[in-house]
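Per-entry structural report
The primary structure of each chain is shown beneath.
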Protein chains: 2
Amino acid sequence: MEEHETCSERTVERQRDATNEDCLSELTKGRCPVNFPVAVVLPAAGSGERTGLSTPKQFCKILGRPLISYTIHAFERVFWIDSIVVVVAKESHDLMTDIIQKYNHTKVKIVEGGSTRHRSIFNGLLAFSEQGFGPKLQKPKVVIIHDAVRPFLEEDFLLKITLAANKQGASGAVRPLVSTVVAATTGGYLDHSLERARYRASEMPQGFIYDIIYQAYQHCSEAEFKFGTECLELALQHCGTSAVLIEGPSSLWKVTHKQDLASAEAVIKESLSQSACIITGECTETQNLSTWMKNGLMAEGMWVDAIPNIEQGMTLSTNRNLIKLSVNSPKSVEIEEFMKMCEETKDVLYPFVILWVYLNVSGQASFSQENDEASAIMTLAEDAQKRNIFLYCVRLSYSKDSTECERTMNKLCQITVALIRDRSAAFSGQMLYA
Amino acid sequence: MEEHETCSERTVERQRDATNEDCLSELTKGRCPVNFPVAVVLPAAGSGERTGLSTPKQFCKILGRPLISYTIHAFERVFWIDSIVVVVAKESHDLMTDIIQKYNHTKVKIVEGGSTRHRSIFNGLLAFSEQGFGPKLQKPKVVIIHDAVRPFLEEDFLLKITLAANKQGASGAVRPLVSTVVAATTGGYLDHSLERARYRASEMPQGFIYDIIYQAYQHCSEAEFKFGTECLELALQHCGTSAVLIEGPSSLWKVTHKQDLASAEAVIKESLSQSACIITGECTETQNLSTWMKNGLMAEGMWVDAIPNIEQGMTLSTNRNLIKLSVNSPKSVEIEEFMKMCEETKDVLYPFVILWVYLNVSGQASFSQENDEASAIMTLAEDAQKRNIFLYCVRLSYSKDSTECERTMNKLCQITVALIRDRSAAFSGQMLYA
């Protein structure tokens, strides 16, 4: 996920810590040009046949969290968006309720989907109208329609779409065509190809003045409800509103096929592994180690800072990964205590990594003793994972030889980057060696 | 990579071992309906601006191997394809030569690219003509044009394209549109949207009777050379040949943006991790362990068989990963010996995993002794990686308690699957714990 710029389009120095994104809106609240109610409709009633998976793709898990929850979060963090109507199939209602609870989504209302995409969107729009079922939501001036399977949304682009919709009645994201588009004869031969430069792929999000898109759907024919796919076309046909087309970033892509889930995971992993905080402790060895690691990890593109200890009352950034340094191997009770401290200072809705790195100075523990400790640490790690923490350990061989020392440090950085980027459940609780 | 079916379109029982793919063509040689010369032109002169990376995407490495090498391999393994002309930018000539040498590509000729896609393809076609530079290749009856950045090609689809081109003069892969296509007014407003069902995205590969596409390029205007993107359109305009459009599989997608590299990696990793062979040894403990592991891994979708030992003269499948079982920790010399045996029985152009799993029965080695061994194994692993082998070790805690034992086995399978799927360089040489 690329970091977004501010609501007011002022170029802020890019923040490496993804959490700060959440504060950006707050910071710029006073200057935001959105002074009218905005809501979102998120159709998520599709069955996702193209992935070839049994779970609809919006509910597929990425790092243990359903795709749709990432998309909802992308809207929820924007303070000028009031509510998000998620339209799901009847059979997904309970699942969606669970997701909302588990990930603490506060702006969401669930609405039941229809038999086609257009019917589902219309059901979503009805949630703001007297004609809908259940308690009516406040009618927005502008409604944003998006896809549940496009999780990578940036606030600045949402702002562009919203302001353009407010001004022109309708707006939509477009992207250059990746492939040439061809028309076939009925026999399956090439009839003609379109000149690529003259056309665009219509993507999401799209924005509408609520009254316009609501009216368009009210005039929608049965054939349009059944075969249509383009909301912008409805606004044009039924309300004469010609949408502004806005070139969107490539991050707007849609998870369509099975392999796209791997892409989405890679993007999310990248955003979660941008930064780490080293907890150095007080002694010279670990403070020297911290300096080494900091330089090594920054050279790998990670943003790193260091503090001596985690203290009560401290607030650690949501997505920040933690590297704890110690001399000699930690006992499982020490690790447990440290994890508790971390949890108190962080919002653990977001998965993060705790990596415990220790210098093996004494080095004479017997193997059998180590077996018991290894087993205890693994149990700890399994338990932590249920609370969204990935726990790993790395033991450093202690050498006075400078070449050997450099090799160890390089290996340590390589392992650290891999553990933080991959956050593999299979390796949680492992004691690795560098 | 999905496994492909046979050349003769007979449905062969799906082979789990990707290597057998290589043999399929051989098996069906006698029945193949391609009895005319076929060649490939692979334009790879683009700069890949859309990935936002400095390396053109066709040269980006996936598991250490450049993307283009996977694509070349997809053609090379098809016995009825005679030659592959790869068109690269002048500055990539040396790099391409190195790739051909390193990955043992035998059917490839390099040609220098032009300033646009069409010019590059034409340069490729000239390699078969008297007008080209350097020694002329045998002129094919049918030429397949493809993209270097679409590595997932199956033989059965190539066959369809080739036979259709031979019959109709031209053929091309198409896919349903993922997004609606819109036309904009000059002011940037929606003019109209296309009815999605009537259009298709034109993908690759495309096939042509050589004389037709060659003639089409000879009549190509400057404007077409500069702005055109569609070979099928040239055949239609200049030779009146209307191409057959053939619905292709979703695996034909094109690596376009940075996130697509992660998808491609996931697909390749999946294909490389489909099967494993367990080397059980002779004793009862490891043979029991083998039965457990086999069941566990097969439940995870991996195809697994077991043999007692690797013997000289044996041939192990190219992509098969190896799991070696032993009682007590292996010495680094043992591991080294085992790796040598493996290398003699395999084609190590393909990266594979060696996982050494041992039951820690004696369990009393001192920590410092283990440190020396750990360091020796890591050095071994670093060396092995240069030869395309990923070496990992797992130590099993030995317990008579059946619940504990089951937990250990589940963890072992989870670790095994993760190591074989991820093949992470960072963890090579590690001694993990289950």
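Predicted model, so just to flag it, every value in this text is computed and none were measured. (Residues numbered from 1 in each chain as written. Chains lettered and ligands numbered in written order. Predicted model: local features only at pLDDT ≥ 70, side-chain atom pairs only at ≥ 80, totals over all residues. Heavy atoms only, no water.)

Because an α-helix packs 3.6 residues into every turn, residues spaced three or four apart end up facing the same way. Residue and element names in this part refer to chain B. Taken together, the buried positions of helix H3 (residues 93–102) are occupied by Met-96, Ile-99 and Ile-100. Seen along its axis, H3 keeps its buried residues to an arc of 100 degrees; they face one direction. In H3, the exposed positions that point more than 90 degrees away from the buried face belong to Asp-94, Gln-101 and Lys-102. Immediately beyond the C-terminal end of H3, within one or two residues, lies Asn-104, with a positive phi of roughly 60 degrees. (Buried < 20%, exposed > 50% of the residue type's maximum accessible area, 1.4 Å probe, protein only. Helix = DSSP H or I, 4+ residues; strand = E, 2+ residues; numbered from the N terminus. Arc of directions from axis to C-beta.)

Counted according to the given criterion, the structure contains 17 aromatic pairs over all chains. A ring pair is formed by Phe-427 of chain A and Phe-427 of chain B, whose centres lie 5.0 Å apart and whose planes are at 75 degrees; its orientation type is edge-to-face. In this pair, Phe-427 of chain A is assigned in the loop between helix H13 (402–422) and strand E17 (431–433) and Phe-427 of chain B in the loop between helix H13 (402–422) and strand E17 (431–433), connecting two distinct chains. On the basis of relative accessibility, which here comes to 3%, the residue Phe-427 of chain A falls in the buried class. Here Phe-338 of chain B and Trp-356 of chain B contribute two aromatic rings whose centre-to-centre distance is 5.6 Å and whose plane-to-plane angle is 75 degrees, an arrangement assigned as edge-to-face. Of this pair, Phe-338 of chain B sits in helix H11 (residues 332–345) while Trp-356 of chain B sits in strand E15 (residues 352–359), placing them 18 residues apart in sequence. Here Phe-338 of chain B matches Trp-356 of chain B in class, with each residue buried. (Phe/Tyr/Trp six-rings, centres within 6.5 Å; stacked < 30°, edge-to-face > 60°.)

Between chain B and chain A, which share one sequence, the superposing operator has a rotation angle of 180 degrees and an axial displacement of 0.0 Å; the RMSD is 0.0 Å. Put plainly, the chains are arranged around a two-fold axis. Interface residue correspondence from chain B to chain A reaches 100%, placing this contact among same-surface, isologous pairings. (Least-squares fit on C-alpha atoms with pLDDT ≥ 70 in both. Contact = heavy atoms within 4.5 Å.)

Residues and elements named next belong to chain A. Where nonpolar side chains cluster on the molecular surface, the patch consists of Val-327, Val-361 and Tyr-398 and spans about 240 Å² of accessible area. Within the secondary structure, Val-327 sits in strand E14 (residues 321–327). For Val-327, a relative accessible area of 31% gives the class partly exposed. (Patch = residues over 30% accessible without salt bridge, like charges linked within 9 Å, V, L, I, M, F, W, Y side chains within 5 Å. Areas by Shrake-Rupley, 256 points an atom, 1.4 Å probe, with all protein chains shown as cover. Salt bridge = Lys/Arg side-chain N within 4 Å of Asp/Glu carboxyl O.)

On to the sheet that holds strand E12 (residues 275–279) of chain B, then. Residues and elements named next belong to chain B. Taking strand neighbours across the sheet as the criterion, the six strands line up as E13-E12-E14-E15-E16-E17 in an open arrangement whose pairing is parallel. Because the sheet does not close on itself, it has two edges, and the strands there are strand E13 (303–307) and E17. Across the sheet, the axes of successive neighbouring strands diverge by a mean angle of 25 degrees, strand direction being ignored. Relative to E15, strand E14 (residues 321–327) runs parallel, the two being bridged by six bridges. Opposite Ser-326, over in E15, you have Tyr-358 as the bridge partner. Those strands touched by H13 are E12, E14, E15, strand E16 (389–396) and E17, and its axis lies near 170 degrees from that of E16. (Pairing = 2+ DSSP bridges. Axes fitted to C-alpha atoms, helices over the stretch in contact; angles between N-to-C directions.)

With that out of the way, let us pick up the side chain of Thr-416 of chain A. Residue and element names in this part refer to chain A. Locating Thr-416 in the fold gives a position in helix H13. Thr-416 gets classed as buried once you look at its relative accessible area, which sits at 0%. One polar contact links the side chain of Thr-416 to the main-chain carbonyl oxygen of Leu-412, over a distance of 2.7 Å. Dropping the residues within four chain positions of it, Thr-416 is found in contact with Met-293, Leu-297, Ile-323 and Leu-355. (Polar contact = N/O pair within 3.5 Å; in protein donor to acceptor, adjacent residues only side chain to side chain.)

Taken as a whole, chain A shows an average pLDDT of 87; of its residues, 89% reach a score of 70 or greater. Confidence drops under pLDDT 50 across residues 1–27 of chain A; counting only partners more than four residues distant or on other chains, this segment forms 61 contacts. (pLDDT = per-residue confidence, 0-100.)

Turning next to the interface of chain B and chain A. Contact residues are listed per partner, giving 79 residues for chain B and 79 residues for chain A. Put simply, chain B and chain A have four salt bridges between them. One salt bridge in this structure joins Arg-407 of chain B and Glu-382 of chain A, with 3.7 Å as the shortest N-O distance. Linking chain B to chain A there are 29 residue pairs in polar contact (both at pLDDT 80 or more). Taken together, the residues of the side of chain B that touches chain A sort by class into 35 nonpolar, 25 polar and 19 charged. As paired strands, strand E10 (residues 199–209) of chain A and strand E8 (residues 180–184) of chain B are joined by four bridges and run antiparallel to one another. (Nonpolar A, V, L, I, M, F, W, Y, C, P; charged D, E, K, R; others polar.)

For the rest of this paragraph, the subject is the pattern of salt bridges. For the structure on display, the rule yields 26 salt bridges over all chains. Bridged by salt links that share partners, the residues Arg-117, Asp-147, Arg-150 and Glu-203 of chain A form one connected network.

Our focus in this paragraph is the sheet that holds E17 of chain A. Residue and element names in this part refer to chain A. The six strands lie next to each other as E13-E12-E14-E15-E16-E17, forming an open sheet whose pairing is parallel. Of all the strands in the sheet, the pair left with one neighbour each is strand E13 (303–307) and E17. Each strand of the sheet is rotated relative to its neighbour by a mean of 25 degrees, with strand direction disregarded. Running at roughly 140 degrees to strand E15 (residues 352–359), helix H11 (residues 332–345) makes contact with strand E12 (275–279), E14, E15 and strand E16 (389–396) of the sheet.

Using the criterion set out here, one finds zero disulfides over all chains in the structure. Between Cys-277 of chain A, a free cysteine, and Cys-342 of chain A, which holds the nearest cysteine sulfur, the sulfur-to-sulfur gap is 9.3 Å. (Disulfide = S-S within 2.5 Å.)

The step from Met-204 of chain A to Pro-205 of chain A runs through a cis peptide bond, and the omega angle for that step is 0 degrees. Within the element layout of this structure, Pro-205 of chain A appears in strand E10. A positive phi angle is found at Arg-423 of chain A, which is not glycine, with a value near 35 degrees. Look at Arg-423 of chain A and you get buried, because its relative accessible area is 3%. Its identity is not glycine, yet Asn-328 of chain B carries a phi of approximately 70 degrees, on the positive side.

Residue and element names in this part refer to chain B. Contact geometry for helix H10 (residues 284–299) and H13: axes closest at 10 Å, N-to-C directions at 60 degrees. Judged on the interaxial angle alone, H13 and H10 are oblique. The two elements H10 and H13 cross, and the hand of that crossing is right-handed. For the pair H10 and H13, contact is made by Leu-289, Trp-292, Met-293, Gly-296 and Leu-297 and by Glu-406, Met-409, Leu-412, Cys-413, Thr-416 and Val-417, respectively. By residue class, the composition of the contact of H10 with H13 is eight nonpolar, two polar and one charged. (Parallel < 35°, antiparallel > 145°, perpendicular 65-115°, else oblique. Left-handed = near helix turned anticlockwise from the far one by under 90°.)

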